[in-house]
Amino acid sequence: MKIQRVIASIVGSALALLASGAQAAEIKVLASTAVKTTLEELAPQFEKATGNKDDITFAPAAASKVKIDEGAAFDVAVLTAPVTESLGGSGKLDTPPTTIAHSGIGVAIHKGAPKPDISTTEAFKRTLLNAKSIGFTAAGATGAYLKTLFEKLGIADELKPKLKLLPGAAGEAAAKGDVEIGMTQISEILPYGGAELVGPLPPDIQSYTHFSAAVSVASKEADAAKAFIKFLAAPSALAVIKAKGMEPG
């Protein structure tokens, strides 16, 4: 009788393990490059906590939207808030999306180079006018805002000869010395050891980009996708979000 109970216990445990394995899911995530370092740390934590797997593709939010509009298969989108709202409005994402974090624009230089003054808007203007080269990524919300900002500050024409519209990360370009000044989301500057964050834009001209997450209406792993979003928005994720140059919510 005792042996039978032991066998039954072993069989029960094995069935439980099999059931757990059967419930494990793999979710495909399309995410903005601005949240790359954040998700690279949080995603493995999610996998360890749940047993689920995630496959993340990073790209500018606008590029991810094009892929989704063209019919790309995915389970979760972690993109700029206007993009997730637009995709939700067109019936491609569950609504409402969950706000994950927001990030401001920062100024980067090559590590060890003299730090320019960007403490005020006037100082920022002088720094740009004195710089030999200024780089930012053409695609995405930051690039669009900076073009508008240069017009607003009345320096767009003077900056044209020195502007470099980058195909890759502005933080990386500053780290390599390809540009004297790089401007992008702060979260996209900190990962590059050869780049130094001078600081955020002055408060009166700062622009914050908000990032939110939502589940694809066509997801076959909706429960796991919702659990992933819940994990990103949980209080336990706050320390990672801040450490990566972003602010929660």
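Structure shown above.
Draft legend 1. Summary view of the packing of aromatic side chains. Per the stated rule, a full pass over the model turns up three aromatic pairs. When the ring of Phe 46 is compared with that of Phe 231, the centres are 5.8 Å apart and the planes differ by 65 degrees; the resulting orientation is edge-to-face. Of the two residues, Phe 46 sits in helix α2 (residues 36-50) while Phe 231 sits in helix α9 (residues 222-232), which places them 185 residues apart along the sequence. By relative accessible area, Phe 46 is classed as buried at 1%. Through a chain of ring-to-ring contacts, the aromatic side chains of Phe 46, Phe 228 and Phe 231 assemble into a single cluster.

Draft legend 2. Representation of the pattern of salt bridges. As enumerated under the stated definition, the model contains eight salt bridges in all. Taking the shortest distance from any N to any O, the salt bridge between Lys 65 and Asp 69 comes out at 2.8 Å. Placement of both Lys 65 and Asp 69 in helix α3 (residues 61-69) is noted, with a separation of four residues, approximately one turn of the helix. Through salt bridges with shared partners, a single ionic network connects Lys 65, Asp 69 and Lys 92.

Draft legend 3. Examining the packing of α2 against α9 more closely. Interaxial distance between α2 and α9 falls to 10 Å at its minimum, and their mutual angle equals 125 degrees. When the axis of α2 is compared with that of α9, the two are oblique. Of the two elements, α2 crosses α9, and the hand of that crossing is right-handed. Contacts from Leu 39, Leu 42, Ala 43, Gln 45, Phe 46 and Ala 49 of α2 reach α9 at Ala 224, Ala 227, Phe 228, Phe 231 and Leu 232. Counted by class, the contact of α2 with α9 contains 10 nonpolar, one polar and no charged residues.

Draft legend 4. View of the side chain of Thr 184. Tracing the chain through its elements places Thr 184 in strand β7 (residues 181-185). A relative accessible area of 5% means that Thr 184 is categorised as buried. With residues near it in sequence (within four places) discarded, Thr 184 still touches Gly 104, Ile 105, Gly 106, Thr 142, Ala 170, Gly 171 and Ile 189.

Draft legend 5. Summary view of a negative patch on the surface. A surface patch of negative charge is lined by Glu 26, Asp 55, Glu 221 and Asp 223. Along the polypeptide, Glu 221 turns up in the loop between β9 (208-215) and α9. On the basis of relative accessible area, Glu 221 is assigned to the partly exposed category, the value being 31%.

Draft legend 6. Highlighting unusual backbone geometry. The linkage connecting Thr 95 with the following residue, Pro 96, adopts the cis geometry, with an omega of -5 degrees. Tracing the sequence through the fold places Pro 96 in the loop between α4 (81-89) and β4 (98-110).

The rules behind each value
- Residues numbered from 1 in each chain as written.
- Predicted model: local features only at pLDDT ≥ 70, side-chain atom pairs only at ≥ 80, totals over all residues.
- Heavy atoms only, no water.
- Phe/Tyr/Trp six-rings, centres within 6.5 Å; stacked < 30°, edge-to-face > 60°.
- Helix = DSSP H or I, 4+ residues; strand = E, 2+ residues; numbered from the N terminus.
- Buried < 20%, exposed > 50% of the residue type's maximum accessible area, 1.4 Å probe, protein only.
- Salt bridge = Lys/Arg side-chain N within 4 Å of Asp/Glu carboxyl O.
- Axes fitted to C-alpha atoms, helices over the stretch in contact; angles between N-to-C directions.
- Parallel < 35°, antiparallel > 145°, perpendicular 65-115°, else oblique.
- Left-handed = near helix turned anticlockwise from the far one by under 90°.
- Contact = heavy atoms within 4.5 Å.
- Nonpolar A, V, L, I, M, F, W, Y, C, P; charged D, E, K, R; others polar.
- Patch = residues over 30% accessible without salt bridge, like charges linked within 9 Å, V, L, I, M, F, W, Y side chains within 5 Å.
- Areas by Shrake-Rupley, 256 points an atom, 1.4 Å probe, with all protein chains shown as cover.
- Lys, Arg positive; Asp, Glu negative; His and termini not counted.
- Charge placed at Lys NZ, Arg CZ, Asp CG, Glu CD.

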